[in-house]
Amino acid sequence: MSTGSFHLALVGAPNSGKTSLFNALTGSRQKVANYPGVTVERKAGVFVTPAGRNVSLVDLPGTYSLRGRSPDEEITRDVVLGRFPGEALPDLMLCVVDATNLRLAFRLVLELKRTGRPMMVVLNMFDIAQRRGVSVDIDKLSAELGVPVVTSVAVRKAGTEELLRRTDEFAARTPQPAQDNTWKTLSIAELKGLQREADRIIAATIRLPEKPDSLTTRVDAVVLHPVAGLLILALILFVMFQAVFSWAQPLMQLLSDAFAALGQLVNDVLPPGLLQSFLQNGVISGVGSVLVFLPQIIIIFLFILLLEDFGYMARAAFLMDRIMGGAGLHGRAFIPLLSSFACAIPGIMATRVIDNRRDRLTTILVAPLMTCSARIPVYTLIISAFIPATQIWGWVNLQGLVMFGLYAVGIASALGVSFLIKFFMWRDYAPAPFMLELPDYKLPRLKSIALGVYTRAKMFLYRAGTTILSMMVLIWFLASFPQPPAGAEGPAINYSLAAMIGHALEPLLAPLGFNWQIAVALIPGMAAREVAVAALGTVYAIEGGKEAADQIGQVLATQWSLPTALSLLAWYIFAPQCASTLAVIRRETGSTKWMVVTFVYMFALAYLASLLTYNVARMF
Ligand SMILES: Nc1nc2c(ncn2[C@@H]2O[C@H](COP(=O)(O)OP(=O)(O)OP(=O)(O)O)[C@@H](O)[C@H]2O)c(=O)[nH]1
Ligand SMILES: [Mg+2]
């Protein structure tokens, strides 16, 4: 990897600011958040130092020791020891330490020293430490630890100047005399010994403030309260879904008017024919019907990112530990499951922080049940078309409430499935106790929130322009060809390949109340869920002409019965996995078996849930 350039690695305890430093140095935008276990894979970048030296830098998952207890910690250990395939041994390890949280961090420094590799300690978050009145005798600390020590503020401009200068100085002196690698996997007794030594060094070189951070303690007294805490958590989620409907509505209307106008323009400018139909029905109605959900995506990510940066996520994990434990899930499963609200893929990757293989596998299997953001368009479209936008009790938006309910069913089924997995497969096994360091609260940084929201929005648009657009081209083609014979009656789409496929699937899906148009939408919906919405947009637009193209929601409201709509909502709570999620499950579990298991069980659940919903709804 290092092609003549100086090679640095960022090592350190979780949540100490490694990725912030990585982003500051390389100008990347890797995910940063205020909870431990954000980074779960190795990320590489390059930069040039002030002295003009080319540096390659690798960011690593956080760890408290080199014991490699979970898949993410193994990555860090292997890179540090030069065992990671394709990764050169770092010329210098930057051991990032949160200056407000030193004990375990210094133990890691002492352990890393045993590898005999050159290293430098970076006292990060020095701004917070100073504000709290921590004072450090840097020279003495450096002498005690036996390695250079620099301070840094990774999130501030110019906060890394000293680090860069010292790195340049160090690099100018290399090669260093080789030292022995005396590291071997430490026993508990040895770790305790290192901890005593670390505590001694802290006592000798650092003066801590009389009173520890009182804001965090005061807020936690309420937020972690067994009753009040859970109520607050429920309230936060509730407000989030209300916001998704109420705040997004005007913006969505604007976007949907814009697409209608664009469709009109195409209609006026181009002569009737295949090109007009392709642009209007395939591209604008299809892709446009997904793009109008951008405001919703932005709002939901705004909430998630704010909570992440504030430091709330680890608290929520703590609160949910009892409930999750009852369902056989490890406390560490919380953050992966929560990440799955955005998308199951990062969620499944985040399970690498779980050390026990069974706990990790259970979490992977249920993560896709959490409602990912790709379901938002499907849910919103159907809810807007079938659930009146009335207020109940004067202030609760009924549509938002239904959305909240759908998320709740997703969560409940994840708990239920994990309970069954544990019950049938691993009854004799009790999860290890849950330990997660609660980070101090931090005021969310406007810039990083804005950047986070921007990145997510860009990803959504990119998907719309690639996956969804290409699927729409296919759907449009299937729905337009073959063209009806001369003198044929009824909408042209009835003669198309899409109709043939839809009709072929109808017997299977009719018990769920799905018509052939839904059947056509479900198949591409497995590639990516929001494609189902786009496919419905295209199919109904081709079938119904211009009016349908403008208002897919209204068309659905007249074409479907309420039981059909509810049944489709139930289907998408489970919705057999999207293709990329299945691929990640195979990669992370290292087996095709678990991928197939996930697909089959989710398909069965979706089918049963729809069958039940449709028939119960019809009785009323
Ligand atoms: N005030 C302040 N905040 C910082 C500093 N460095 C990082 N942060 C914040 O600390 C939190 C954790 O930062 P990350 O860069 O994600 O930490 P990490 O070490 O990569 O964490 P993992 O990937 O979980 O191991 C984020 O909320 C950052 O905004 C700093 O120097 N000062
Ligand atoms: Mg990180």
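Placed above this text is the structure.
Remember, predicted model here, so these are calculated numbers, not experimental data.

Participant: Now, about the sheet that holds strand β5 (residues 119-124): what can you tell me, with residues and values included?
Facilitator: With respect to topology, six strands assemble into an open sheet ordered β2-β3-β1-β4-β5-β7, the strand pairing being mixed. Only two strands of the sheet have a single neighbouring strand rather than two, namely β2 (43-48) and β7 (149-151). The mean angle between the axes of side-by-side strands here comes to 25°, regardless of whether they run parallel or antiparallel. Strand direction decides the pairing type here: strand β4 (residues 92-98) and β5, joined by six bridges, are parallel. What sits directly across from L94, in β5, is M120. Packing of helix α3 (residues 103-113) onto the sheet brings it into contact with β1 (6-12), β4 and β5, and relative to β4 it is tilted by some 165°.

Participant: I'd like a description of the state of the cysteines, backed by residues and values.
Facilitator: Linking two cysteines covalently via their sulfur atoms produces the bond known as a disulfide. In the structure shown here, the tally under the stated rule is zero disulfides. As a non-bridged cysteine, C372 has C343 as the owner of its nearest cysteine sulfur, 6.3 Å distant. With no disulfide of its own, C578 lies 6.4 Å from the sulfur of C343, the closest cysteine sulfur. Here C578 falls in the buried class, since its relative accessible area comes to 9%.

Participant: Got a sec to walk through the packing of aromatic side chains? Specific residues and values, please.
Facilitator: As enumerated under the stated definition, the model contains 12 aromatic pairs in all. The residue whose ring lies beneath R315 is Y441, and the NZ or CZ to ring-centre distance is 4.1 Å.

Participant: How would you explain empty space enclosed by the protein if you had to name every residue and give the values?
Facilitator: Counted under the stated rule, the structure contains two cavities of 30 Å³ or more. As a volume, the largest cavity reaches approximately 80 Å³. As for the largest cavity, its lining consists of Y35, P36, G37, A317, G331, R332, I335, P336, A350, V353, F434 and L436. Here the lining of the largest cavity is built from residues that sort into nine nonpolar, two polar and one charged. Around the second largest cavity, the lining residues are L522, G525, M526, W571, Y572, A575 and P576.

Participant: Provide a residue-level description of the nonpolar core, including the pertinent values.
Facilitator: Ranked by size, the top nonpolar core spans 126 residues in total, and within it V366, M403, M472, W560, L568 and Y572 carry the most contacts. Among the nonpolar cores identified, the runner-up in size contains 40 residues, and A9, L110, V121 and V147 belong to it.

Participant: Would you mind going over the site of ligand 1 in detail, with residue names and values included?
Facilitator: Near ligand 1 lie 24 residues; those nearest to it are K18, T19, S20, V38 and T39. A33 is positioned such that a nitrogen or oxygen atom in its backbone is 3.3 Å from an oxygen atom of ligand 1. A154 is positioned such that a nitrogen or oxygen atom in its backbone is 2.9 Å from an oxygen atom of ligand 1. When isolated, ligand 1 has an accessible area of 650 Å², and the protein chains bury 97% of it. Put simply, the parts of the chain that give the shell around ligand 1 at least two residues each are α1 (18-26) and α4 (126-132). A per-element tally of the shell around ligand 1 places α1 first, with three residues.

Participant: Describe the coordination of the magnesium ion (ligand 2), naming the residues involved and giving the relevant values.
Facilitator: At this site the magnesium ion (ligand 2) is bound by T19 (OG1) and T39 (OG1), with donor distances of 1.9 to 2.0 Å. Residue T19 is located in helix α1, and its partner T39 is located in the loop between α1 and β2; the two are separated by 20 residues in the primary sequence. Taken individually, T19 and T39 each receive the classification buried, so the pair is uniform in this respect.

Participant: Please set out the pattern of salt bridges residue by residue, giving values where relevant.
Facilitator: Throughout the structure, instances matching the rule amount to 18 salt bridges. Ionic pairing is found between D78 and R77, a salt bridge with its closest N-O pair at 3.1 Å. Measuring nitrogen to oxygen at the nearest pair gives 3.0 Å for the salt bridge that ties E530 to R463. Of this pair, E530 sits in the loop between α21 (516-522) and α22 (531-544) while R463 sits in helix α19 (residues 446-480), and the two are 67 residues apart along the sequence. The buried category is assigned to E530, whose relative accessible area is 2%. Note on R463: relative accessible area 28%, which makes it partly exposed. Bridged by salt links that share partners, the residues R352, R360, R587 and E588 form one connected network.

Participant: Account for the packing of helix α10 (residues 248-269) against helix α12 (residues 294-310), naming residues and giving values.
Facilitator: In helix packing, the relevant descriptors are the interaxial angle and the interaxial distance, both defined with respect to the helix axes. Packing of α10 against α12 brings their axes to within 8 Å, and their N-to-C directions diverge by 150°. Considering the angle they form, α10 stands roughly antiparallel to α12. Residues A248, L251, M252 and L255 of α10 pack against L294, P295, Q296 and I299 of α12. For the contact of α10 with α12, the residue count by class is seven nonpolar, one polar and no charged.

Participant: I'd like a rundown of the packing of α22 against helix α24 (residues 552-559), residues and numbers included.
Facilitator: One way to put it is that α22 packs onto α24 with a least axis distance of 10 Å and a crossing angle of 75°. Taken as axis vectors, α22 and α24 run roughly perpendicular relative to one another. Of α24, the residues touching α22 (which contributes L536, G537 and Y540) are I552, V555, L556 and Q559.

Participant: Tell me about the pairing of β4, and name the residues and values.
Facilitator: Counting buried positions along β4 gives seven out of seven residues, so the element sits mostly inside the fold. What you see with β4 is no split at all: L92, L94, V96 and D98 on one side and M93, C95 and V97 on the other are buried throughout. As judged from the five bridges shared by β1 and β4, these two strands associate in the parallel manner. Bridge pairing links V11 to C95 in β4. Chirality of the crossover, the property in question, places the unit of β4, α3 and β5 among those that are right-handed.

Participant: Requested: an account of the environment of K458, with residues and values cited.
Facilitator: Residue placement: K458 occurs in helix α19. Residue K458 is classed as partly exposed on the basis of its relative accessible area of 44%. For K458 and L294, which are 164 residues apart along the polypeptide, the C-alpha to C-alpha distance reads 9.8 Å.

Participant: Explain a positive patch on the surface to me, and be specific about the residues and the numbers.
Facilitator: Taken together, the side chains of R29, K157, R445, K447 and K458 define a basic patch exposed on the protein surface. Looking at the element boundaries, R445 is found in the loop between α18 (398-425) and α19. Here R445 falls in the partly exposed class, since its relative accessible area comes to 40%.

Participant: So, unusual backbone geometry: which residues are in play, and what are the values?
Facilitator: In the Ramachandran plot, N15 falls in the positive-phi region, its phi being about 65° despite a non-glycine side chain. Mapped onto the fold, N15 is located in the loop between β1 and α1. Positive phi values are uncommon outside glycine, yet A158 reaches one of about 70°.

Reading the values: the criteria
Residues numbered from 1 in each chain as written. Chains lettered and ligands numbered in written order. Predicted model: local features only at pLDDT ≥ 70, side-chain atom pairs only at ≥ 80, totals over all residues. Heavy atoms only, no water. Pairing = 2+ DSSP bridges. Helix = DSSP H or I, 4+ residues; strand = E, 2+ residues; numbered from the N terminus. Axes fitted to C-alpha atoms, helices over the stretch in contact; angles between N-to-C directions. Contact = heavy atoms within 4.5 Å. Disulfide = S-S within 2.5 Å. Buried < 20%, exposed > 50% of the residue type's maximum accessible area, 1.4 Å probe, protein only. Phe/Tyr/Trp six-rings, centres within 6.5 Å; stacked < 30°, edge-to-face > 60°. Lys NZ or Arg CZ within 6 Å of the ring centre and 35° of its normal. 1 Å grid on protein atoms, 1.4 Å probe; cavity = no way out; pocket = protein on both sides within 12 Å on 5 of 7 lines; lining within 4 Å. Points joined across faces, edges and corners; volume = space filled by probe spheres on them. Nonpolar A, V, L, I, M, F, W, Y, C, P; charged D, E, K, R; others polar. Core = buried A, V, L, I, M, F, W, Y, C linked by side-chain atoms within 4.5 Å. Near = heavy atom within 4 Å. Polar contact = N/O pair within 3.5 Å; in protein donor to acceptor, adjacent residues only side chain to side chain. Areas by Shrake-Rupley, 256 points an atom, 1.4 Å probe, with all protein chains shown as cover. Donors = N, O, S within 2.8 Å, 3.2 Å for Na, K, Ca; no water. Salt bridge = Lys/Arg side-chain N within 4 Å of Asp/Glu carboxyl O. Parallel < 35°, antiparallel > 145°, perpendicular 65-115°, else oblique. Right-handed = clockwise from strand over helix to strand, strands pointing away. Patch = residues over 30% accessible without salt bridge, like charges linked within 9 Å, V, L, I, M, F, W, Y side chains within 5 Å. Lys, Arg positive; Asp, Glu negative; His and termini not counted. Charge placed at Lys NZ, Arg CZ, Asp CG, Glu CD.

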